[in-house]
Amino acid sequence: MAEAKYISQDKLGKWLDELSQQMQVLAPVQEGEAVVFRPYQTGTEIRLEGQPTLPPKEAVFPASEELFAYTYRKNPEDPAQTDVEIGPRAQPQKTLVFGARPCGSRGFVIFDPVYTQGYYMDPYYRVRRESTIFASVACVSHENSCFCHSVGSGPGDTAGSDILLTPVDNGYVAEAVTDKGGEMLGSSLLEAAGDKAGKARELRDKALKDMGEPRDFTPAREKLLAIFDDLDFWEDVSAKCISCGACTYLCPTCYCFNITDESAGMQGSRIRSWDNCMSFQFTLEASGHNPRPTKAHRLRNRVGHKFSYYPELHQGMIACCGCGRCIKHCPVSVDIREIVIRAMEHQTETGEEAGK
């Protein structure tokens, strides 16, 4: 792997200018009260302080994307016979996502087993994933909503990233995680990191230590199943939820979607859009029946999927990166950590702990 490099703050813009000549660069910028990823251009003022409001998920899994266009063509000899012509699929351009936090990039580690492995591979996700490079900025401090260290991650986690940058001495130490990342570090604007690489490791280690002891969420897999039918518990923990869906739209690991056909005359497009499991319509059937009729049912599914069902299918990996966005930006402060902890400590009607 390439040696660690260092780039000073005053050269960062020039480096991004160089990279933007080779590929699309997405970087965090301020828009109103939110920090979101937008295409970088010379002079763009990027925001690398703190956690972006949105994760970089949309770079690989767009909020709305055209899967393909189609055209109906009538047979002039037999107007009742209609053929469908499918248009070519657009190919994504090579993209660098610069300035995500490790928790945001880690989200794709949750996506990958679902979208790129096994028989049912998603060609749209896979081609974007392969053409996207992630340069993440390690955290040297944490917010009170962060709990990445409790779900197998940490402030300097490299999972899902191709480059890890650490703020050091009015600049950044850049370390290649993958070969793709190493290719990005060949610019003459970067110099050998030398002793700064050791300082970067110390800062990451300190940031992890400052988070305190992690909570072990491993028992949640069985505990959540044990109280699955305890609707009183789920009604209690979901009482203040307003089903707005902010938690799912801001989550780096939520990957549910809906598909619609939008037509005008004889032409149309098949569109894939993010969906929200906290919405009543998410599981509403054509008959009018809804197997998850209340927010208690829906929150049970959201929490259960992340901490029980997904780990059961994917070698114990929790489908949560601990970024805390769902806590920080929830208008009524629903805290997924508290729900999981309460579930693990919940007593059954017999007085025994759930799951035992």
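The protein has the name Iron-sulfur binding protein in an unreviewed UniProt entry, where Desulfonatronospira thiodismutans ASO3-1 is given as its organism.

Peer 1: Where do I start with the sheet that holds strand β11 (residues 257-264) in this structure?
Peer 2: Within a sheet, adjacent strands bond to each other through the backbone by hydrogen bonds, running parallel or antiparallel. Spatially, β5-β4-β12-β11 is the arrangement adopted by the four strands of the open sheet, whose pairing is antiparallel. Among the strands making up the open sheet, the edge pair consists of β5 (78-86) and β11. Strand-to-strand twist of the sheet, defined as the mean angle between neighbouring strand axes without regard to direction, takes the value 25°. Alignment of strand β4 (residues 64-75) against β5, held across six bridges, turns out to be antiparallel. Bridge assignment links Y72 to a residue of β5, and that residue is V84. Against the sheet, helix α3 (residues 123-130) touches β4 and β12 (267-274), its axis set at about 135° to β4.

Peer 1: Honestly, the sheet that holds strand β8 (residues 163-168) in this entry has me stumped. Any pointers?
Peer 2: Reading across from one edge, β3-β2-β6-β7-β8-β9-β1-β10 is the order of the eight strands in this open sheet, with mixed pairing throughout. Each of the sheet's edge strands pairs with one partner strand only, and the pair in question is β3 (34-39) and β10 (191-192). Looking at chain direction, strand β6 (residues 95-100) and strand β7 (residues 132-137) are connected through five bridges and run parallel. Across the sheet, residue L96 finds its bridge partner in β7, namely I133. On the sheet, helix α5 (residues 196-210) packs against β1 (5-8), β8 and β9 (171-176) and is oriented at approximately 90° with respect to β8.

Peer 1: Looking at this structure, how should I read the nonpolar core?
Peer 2: In this structure, F217, W234, V303, F307, I336 and V340 are the most contacted members of the largest nonpolar core, which totals 28 residues. Leave out the neighbours within four places in its chain, and F217 touches F147, S150, V151, F307, I318, R337, V340, I341 and M344. Grouped together as the second largest cluster of nonpolar side chains are 25 residues, L16, M23, A27 and A135 included.

Peer 1: What am I meant to see in the pattern of salt bridges here?
Peer 2: Pairs may arise between side chains of opposite charge once their charged atoms sit close together. One pass over the structure, following the stated rule, counts 17 salt bridges. A salt bridge links R106 to D157, with the shortest nitrogen-to-oxygen separation between them at 2.9 Å. Of the two residues, R106 sits in helix α2 (residues 102-115) while D157 sits in the loop between β7 and β8, which places them 51 residues apart along the sequence. Residues R106 and D157 agree in their burial class; the two are buried. Put simply, R342 and D236 hold a salt bridge, and the shortest N to O gap is 2.5 Å. On the criterion of sequence distance, the pair formed by R342 in helix α11 (residues 336-345) and D236 in helix α7 (residues 231-237) is long-range, its members being 106 residues apart. You can call R342 partly exposed: its relative accessible area is 37%. Residue D236 is classed as partly exposed on the basis of its relative accessible area, which comes to 45%. When salt bridges that share partners are traced, they join E65, D122, R128 and R272 into one network.

Peer 1: Can you walk me through the side chain of T283 in this structure?
Peer 2: Checked against the element boundaries, T283 lands in the loop between β12 and α9 (295-313). Residue T283 is classed as buried on the basis of its relative accessible area, which comes to 16%. At a separation of 2.6 Å, a polar atom in the side chain of T283 contacts the side chain of N290. Setting aside anything within four residues of it in sequence, one finds T283 in contact with H289, N290, P291 and R292.

Peer 1: I keep staring at α5 and nothing clicks. Help me out?
Peer 2: Each α-helix turn comprises 3.6 residues. Residues three or four places apart therefore point the same way. Between its first and last C-alpha atoms α5 spans 21 Å; for 15 residues at 1.5 Å apiece the expected length is 21 Å, and the two agree. Looking one or two residues past α5, G212 carries a phi angle of roughly 85°, positive in sign.

Peer 1: Where do I start with empty space enclosed by the protein in this structure?
Peer 2: The tally for this structure, following the rule as stated, stands at two cavities of 30 Å³ or more. Empty space within the largest cavity amounts to approximately 180 Å³. Considering the residues around the largest cavity, the lining is formed by 19 residues, among which C247, L299, C326, C330 and V334 are closest to the centre. Where the lining of the largest cavity is concerned, the elements lending two or more residues are α8 (246-249), α9 and α11. Broken down by element, the residue count for the lining of the largest cavity peaks at three residues, all from α9. Of the residues in the lining of the largest cavity, the class split is 15 nonpolar, two polar and two charged.

Procedures and definitions
- Residues numbered from 1 in each chain as written.
- Predicted model: local features only at pLDDT ≥ 70, side-chain atom pairs only at ≥ 80, totals over all residues.
- Heavy atoms only, no water.
- Pairing = 2+ DSSP bridges.
- Helix = DSSP H or I, 4+ residues; strand = E, 2+ residues; numbered from the N terminus.
- Axes fitted to C-alpha atoms, helices over the stretch in contact; angles between N-to-C directions.
- Contact = heavy atoms within 4.5 Å.
- Core = buried A, V, L, I, M, F, W, Y, C linked by side-chain atoms within 4.5 Å.
- Buried < 20%, exposed > 50% of the residue type's maximum accessible area, 1.4 Å probe, protein only.
- Salt bridge = Lys/Arg side-chain N within 4 Å of Asp/Glu carboxyl O.
- Polar contact = N/O pair within 3.5 Å; in protein donor to acceptor, adjacent residues only side chain to side chain.
- Expected span 1.5 Å × (residues − 1).
- 1 Å grid on protein atoms, 1.4 Å probe; cavity = no way out; pocket = protein on both sides within 12 Å on 5 of 7 lines; lining within 4 Å.
- Points joined across faces, edges and corners; volume = space filled by probe spheres on them.
- Nonpolar A, V, L, I, M, F, W, Y, C, P; charged D, E, K, R; others polar.

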